[in-house]
Amino acid sequence: MNTFLKRILVLLSILALGLLLYSVFVENIFAKRLSPKDTVKFELNDLKLKVFYNRPFKKDRDIFGALVPFNEVWRTGANEATTFETNKTLDVGGMTLPKGIYTLWTVPRDTIWTVIFNSKQYAWGVDNEMKPMWDPNYDVVKIDVPVQKLDSYVEQFTIAFDNSTDNLSLTMAWDDVKVAVPLK
């Protein structure tokens, strides 16, 4: 084997070892995520909606008012910032949301939540001090929606689209709480 091929093989071996070590010790791609990623889609005629988010578990914890404090902006999930995408302009509770990609933020309270569609894209949901990376200067729509208390617990945070009564809504449920944001 000539010298050039030996050098290429050594270089490729070092590169492969480096990627393996990075994936194990930095990203840990082999470990199961504590809050798995999920994407929810809704399509009707030419309307296409999509939400990307991370789904934390309850794990016998008190959620709203404890793990997720009341009256503070929440990243609405875990890890990366939750995103909402629409290919059409929407009416969100009487306010106009132009087509585009938004980050989704909420302010949970006991009886009402404020849901915020923000036009800035954030790489992560919180900073090093665990404070939301949300910048209110980029808020496009803010809507207050009532809290529905559930009879049973939702173990894993869930975002869905509900069109069961021909009234489209974006729903969020976790623990014993559910909110529905009206979309037209």
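Read on for an overview of the structure. Remember, predicted model here, so these are calculated numbers, not experimental data.

Remarks on the pattern of salt bridges
Part 1 of the reasoning: For the structure on display, the rule yields five salt bridges.
Part 2 of the reasoning: Glu80 is the salt-bridge partner of Lys37, the closest N and O atoms lying 3.9 Å from each other. Taken together, the positions of Lys37 in strand β1 (residues 37-44) and Glu80 in the loop between β2 (47-54) and β3 (83-86) put the pair 43 residues apart, joining distant regions of the chain.
Part 3 of the reasoning: For Glu80, a relative accessible area of 15% puts it in the buried group.
Part 4 of the reasoning: Two residues, Asp175 and Lys58, come together in a salt bridge whose shortest N-O distance is 3.1 Å. Of the two residues, Asp175 sits in strand β9 (residues 169-182) while Lys58 sits in the loop between β2 and β3, which places them 117 residues apart along the sequence.
Part 5 of the reasoning: With relative accessibility at 11%, the residue Lys58 sits in the buried group.

Quick notes on the packing of aromatic side chains
Part 1 of the reasoning: All told, the structure shown has twelve aromatic pairs when counted by the stated rule.
Part 2 of the reasoning: Ring plane angle 85° and centroid distance 6.2 Å describe the contact between Trp74 and Trp113, whose orientation is recorded as edge-to-face. With Trp74 in the loop between β2 and β3 and Trp113 in strand β7 (residues 112-118), this residue pair connects regions lying 39 residues apart in the sequence.
Part 3 of the reasoning: A relative accessible area of 9% places Trp74 in the buried class.

Some points on the nonpolar core
Part 1 of the reasoning: Ranked by internal contacts, the top residues of the largest apolar core, which has 34 residues, are Phe84, Phe117, Phe161, Leu170, Val181 and Leu183.
Part 2 of the reasoning: For this core, the element with the most residues is strand β8 (residues 139-162), which contributes seven residues.
Part 3 of the reasoning: Residues in contact with Phe161, not counting those within four places in the same chain, are Val40, Lys41, Phe42, Leu49, Lys50, Val51, Phe84, Leu168, Ser169, Leu170 and Leu183.

Basis of the calculations
Residues numbered from 1 in each chain as written. Predicted model: local features only at pLDDT ≥ 70, side-chain atom pairs only at ≥ 80, totals over all residues. Heavy atoms only, no water. Salt bridge = Lys/Arg side-chain N within 4 Å of Asp/Glu carboxyl O. Helix = DSSP H or I, 4+ residues; strand = E, 2+ residues; numbered from the N terminus. Buried < 20%, exposed > 50% of the residue type's maximum accessible area, 1.4 Å probe, protein only. Phe/Tyr/Trp six-rings, centres within 6.5 Å; stacked < 30°, edge-to-face > 60°. Core = buried A, V, L, I, M, F, W, Y, C linked by side-chain atoms within 4.5 Å. Contact = heavy atoms within 4.5 Å.

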